[in-house]
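Structural overview
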Amino acid sequence: MSATQPQTDSVGIILAAGHGSRMRSRIAKPLHTAAGKELIRYPVDLLTECGIQTIVVVASPDNHPEIAALLGDRVHYAIQPAAKGTADAVACGLGALRSVPELVMVTAADTPLVRVKSTRRMLDEHVSRPDRRMTILTAPDFFGPDLGHIERADPGDTDAAGPVSAIVEAADRESDPGRPAEVNTGVYCFNGPWLAENVGRIPVSASGETYLTSLAEMGNKAGDDVVAAPFAWADEAMGVNDRQQLSAVATVLQDRINSHWMLEGVTIIDSATTYIDADVTIGMDTVIQPNTMLSGQTVIGEGCEIGPNSVIRDSTVADRCSIVASTIEESTVHTDVSIGPYSHLRPESVIERGVHLGNYVEVKNSRIGSSTAAGHFCYLGDADIGAGVNVGAGTITCNYDGVAKHQTTVGEGAFIGSDTMLIAPVTVGEGALTGAGSVVTRDVPPAGRVAGVPARLLSSSNEE
Ligand code: UD1
Ligand code: CA
């Protein structure tokens, strides 16, 4: 059986019910984010990509509602009533199943750096031995003072999968060895019936918890086949127990994500100041200039120039756009658009093909029609601006009367003179013109010309 195939009669258990007290946070640890992705989503994706179709998340009574709101019915849930240790958590996970599967994979919720490749290799190693009881994914040479250290039955043999005599937890080590060791990543494969039989027999440790890792020594003593698979690289073993580790993990993820996009044909000028979230996608030949953040569910097309100093969140930017020193939130930008420097798209803005938004243009909940230009300091809120409109410098949609928000509509091909105030609700017809400094309080007919404060109709046709 290959690990890339769906694993039949297998279950993945993700342990997410710990206190996470070292985070010093009101937010449950599994919901903290690294590279814009909640920590709990990393092991869910890992197990899914290893072909595990049934996943049980062991949550605490406190964090279960939030985790369930995030993951929905992608996974099943078990509740661990009190955080009595990783073995107790696994027992709770098994208790949520109707029957004991042949294969059980276990991961923690706080190790987002574990790679699919290493885990698949370890899974292949596990399933290749019918008598195997427990396979531990380890990183052979990692400085992990807070991690479980592997003791090999044959201490000389650490570069291949081999028998383990014990996993020694940090709390139980007489002294910190102060040097790298073979460490437990917290990802395991178990023979399901063996796990179910033994997990309830684990003695309570000095800390008052039952350790899942005690199974290594128990199995070894009973002559069972328990093996360390040293297939993880050193950068996979780091867990997130505190904020320093959260930051360190995020740095590794940023580096991996940036490398991935560079290999996909994206130019990143300065990787150290480019922050791309895990769920973002970027098209070929796009250039990311320094000091740029692409976050949340953002999609960037091909051949764009993004940054320097741009922040784009939960937005779609199509091909060949230029976004310089600007912020875009929850908006859609079509092809061949140029924005910035210093402009801001607030949520629900749709910028159509070929639009130019120059300096200090703020757009909110508006459609800007194709080839329209707003070059200099504008506010366009709750507006529908047609195609080919010239929006003069200093144009403002006065959308708020102190009580409610109102809509502004500008027809195709209109010319909005500099410093026009459009007092919403108001409509400026197609091809109409407003003079500089107009305060438009009434609708302007198509092709009409208005000017003044309040703006008066000068002619109903703008052809002289
Ligand atoms: C654990 C391992 C350690 C390994 C490290 C890898 C044990 C005893 N130790 O240590 O060998 O090197 O992970 O990162 O397993 N959890 C529960 N219920 C509990 C306690 C914990 O669900 O009662 C969950 C936590 O939410 C967490 C995971 O289990 O996701 C690991 O627990 P944690 O306390 O972080 O263990 P470590 O000390 O990091
Ligand atoms: Ca941990």
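Residues numbered from 1 in each chain as written. Chains lettered and ligands numbered in written order. Predicted model: local features only at pLDDT ≥ 70, side-chain atom pairs only at ≥ 80, totals over all residues. Heavy atoms only, no water.

**Here we look at the overall build of the chain**
What counts, and what does not: The helix count covers DSSP runs of H or I at least four residues long, the strand count covers runs of E at least two residues long, and both are numbered beginning at the N terminus. Taken over C-alpha atoms, the radius of gyration is set against a globule rule of 2.2 Å times the number of residues to the power 0.38. Accessibility here uses a 1.4 Å probe with only protein chains present; expressed as a share of the type maximum, an area under 20% marks a residue as buried, one over 50% as exposed, and anything in between as partly exposed.
Across its full length, the chain carries 7 helices and 40 strands. For a compact globule of 464 residues, the expected C-alpha radius of gyration is about 23 Å, and the chain comes in at 29 Å, more than 25% above that figure. Reported as C-alpha extents along the three principal axes, the dimensions of the chain are approximately 100 × 40 × 40 Å. The buried share among the 464 residues of the chain stands at 50%.

**Let's talk about a nonpolar patch on the surface**
Applied cut-off: Put simply, a patch holds well-exposed residues, over 30% relative accessible area, that have no salt bridge, with like charges counted together within 9 Å and Val, Leu, Ile, Met, Phe, Trp or Tyr side chains within 5 Å. The protein chains shown are the only cover counted for residues, whose accessible areas, like all others here, come from Shrake-Rupley with a 1.4 Å probe. A side-chain nitrogen of Lys or Arg and a carboxyl oxygen of Asp or Glu constitute a salt bridge if their distance falls within 4 Å.
Side chains of Tyr275, Met293 and Val311 sit close together on the surface and give an oily, nonpolar patch of about 250 Å² of accessible area. By relative accessible area, which is 32% here, Val311 ends up partly exposed.

**Thoughts on the layout of surface pockets**
Stated formally: Only protein atoms enter the 1 Å grid used here. Points where a 1.4 Å probe fits but cannot escape make up a cavity, open sets with protein on both sides within 12 Å along at least five of seven lines make up a pocket, and a residue lines them when an atom lies within 4 Å of a point. Grid points are joined across faces, edges and corners, and a volume is the space filled by probe spheres set on the points. Just so you know the grouping, Ala, Val, Leu, Ile, Met, Phe, Trp, Tyr, Cys and Pro go in nonpolar, Asp, Glu, Lys and Arg go in charged, and all remaining residues, Gly too, go in polar. Marked domain ranges trace back to an automatic or database domain assignment.
Size it by volume and the largest pocket reaches roughly 1100 Å³. Residue lining of the largest pocket: 37 residues in total, with Arg22, Thr86, Asp110, Glu209 and Asn241 positioned closest to the centre. Of all elements in the fold, only strand 1 (10-16), helix 3 (86-95) and strand 10 (181-191) reach the threshold of two or more residues within the lining of the largest pocket. No other element matches the 4 residues that strand 10 contributes to the lining of the largest pocket. Here the residues of the lining of the largest pocket sort into 16 nonpolar, 15 polar and 6 charged. Within this model, the second largest pocket holds a volume of roughly 780 Å³. Residue lining of the second largest pocket: 26 residues in total, with Glu49, Val114, Arg115, Val116 and Arg256 positioned closest to the centre. Counting only elements with at least two residues in the lining of the second largest pocket, the list comes to helix 1 (41-49), strand 6 (103-108), helix 4 (116-127) and helix 7 (243-263). Here the residues of the lining of the second largest pocket are counted per class, giving 15 nonpolar, 4 polar and 7 charged. Domain assignment of the residues forming the lining of the second largest pocket places at least three in each of domain 1 (7-237) and domain 2 (257-459).

**Focus: the coordination of the calcium ion (ligand 2)**
Our working rule: The donor set comprises N, O and S atoms within 2.8 Å of the metal, extended to 3.2 Å for Na, K and Ca; water molecules are omitted, so apparent gaps in a site may simply reflect that omission.
Distances from the calcium ion (ligand 2) to its protein donors, namely Asp110 (OD) and Asn241 (OD1), fall within the range 2.2 to 2.5 Å. Separated by 131 residues along the polypeptide, Asp110 in the loop between strand 6 and helix 4 and Asn241 in the loop between strand 11 (225-229) and helix 7 bring together distant segments of the chain. Neither Asp110 nor Asn241 differs from the other in exposure class; each is buried.

**Some thoughts on unusual backbone geometry**
Looking along the chain, the bond that leaves Gly307 and enters Pro308 is cis, with omega of 5°. Positionally, Pro308 belongs in the loop between strand 18 (305-306) and strand 19 (311-313). Each neighbour pair has its own omega, and for Gly340 with Pro341 the value is 10°, a cis peptide bond. Assignment of secondary structure puts Pro341 in the loop between strand 24 (338-339) and strand 25 (344-345). At Ala447, a residue that is not glycine, the phi angle is positive and equals roughly 65°. Its place among the elements puts Ala447 in the loop between strand 38 (439-440) and strand 39 (449-451).

**Remarks on the sheet that holds strand 30 (residues 383-385)**
Neighbouring strands of a sheet are bound in pairs by backbone hydrogen bonds; such pairs are parallel or else antiparallel. For clarity, the cut-off: Strands are treated as partners if at least two bridges between them are detected by DSSP.
Taking strand neighbours across the sheet as the criterion, the 9 strands line up as 14-17-20-23-26-28-30-33-36 in an open arrangement whose pairing is parallel. The sheet terminates laterally at strand 14 (281-282) and strand 36 (426-428), the two strands that pair on one side only. Across 2 bridges, strand 23 (residues 332-333) lies against strand 26 (residues 350-351) in parallel orientation. By the bridge assignment for strand 26, Thr332 is matched with Val350.

**Observations concerning the site of ligand 1**
Put simply, the rule is: What makes a residue near a molecule or strand is one non-hydrogen atom of that residue sitting within 4 Å of it. We call two N or O atoms a polar contact when they sit within 3.5 Å, provided that within protein one can donate a hydrogen and the other can accept it, with sequence-adjacent residues counted only if both atoms are side-chain atoms. Placement in a cavity or pocket follows one criterion, namely that more than half of the molecule's atoms lie within 2 Å of its grid points.
Around ligand 1, the surrounding shell holds 24 residues, and the nearest of these are Leu15, Gln80, Gly85, Glu169 and Asn184. Within the backbone of Gly18, a nitrogen or oxygen atom sits 2.9 Å from an oxygen atom of ligand 1. At a separation of 2.7 Å, an oxygen atom of ligand 1 approaches a polar backbone atom of Asn184. Its free accessible area being 760 Å², ligand 1 has 90% of it covered by the protein chains. More than half of the atoms belonging to ligand 1 lie within 2 Å of the grid points that define the largest pocket. Residue assignment for the shell around ligand 1 shows that the elements contributing at least two residues are strand 1, helix 3 and strand 10.

**Some remarks on helix 7**
The following threshold applies: The span you would expect from a helix comes to 1.5 Å times its residue count less one.
With 21 residues, helix 7 should cover 30 Å at 1.5 Å per step; its first-to-last C-alpha distance of 30 Å lies within 8% of that length. Residues of helix 7 that are buried include every one of Gln245, Leu246, Val249, Val252, Leu253, Gln254, Ile257, Asn258 and Trp261, and no others. Between a side-chain oxygen at the N-terminus of helix 7 and the backbone nitrogen of Gln244 the separation is 3.1 Å; the capping residue is Asp242. A positive backbone phi angle near 100° is found at Gly265, which sits one or two residues after helix 7.

**Digging into the pairing of strand 16 (residues 292-295)**
Bridge count for strand 13 (residues 274-276) against strand 16 is 3 bridges, and the pairing is parallel. Bridge pairing links Ile276 to Leu294 in strand 16. As judged from the 3 bridges shared by strand 16 and strand 19, these two strands associate in the parallel manner. The partner of Met293 across the bridge, within strand 19, is Val311.

**Description of the packing of aromatic side chains**
Operational definition: Here a Phe, Tyr or Trp ring, Trp counted by its six-membered ring, pairs with any other such ring whose centre lies within 6.5 Å, and the pair is stacked when the planes are under 30 degrees apart, edge-to-face when over 60, and tilted otherwise.
All chains considered together, the criterion is met by 3 aromatic pairs. Consider the rings of Phe190 and Trp194, whose centres lie 6.4 Å apart with planes at 20°: the pair is stacked. Taken individually, Phe190 and Trp194 each receive the classification buried, so the pair is uniform in this respect. Aromatic side chains Tyr342 and Tyr360 sit 5.4 Å apart centroid to centroid with 25° between the ring planes, which places their arrangement in the stacked category.

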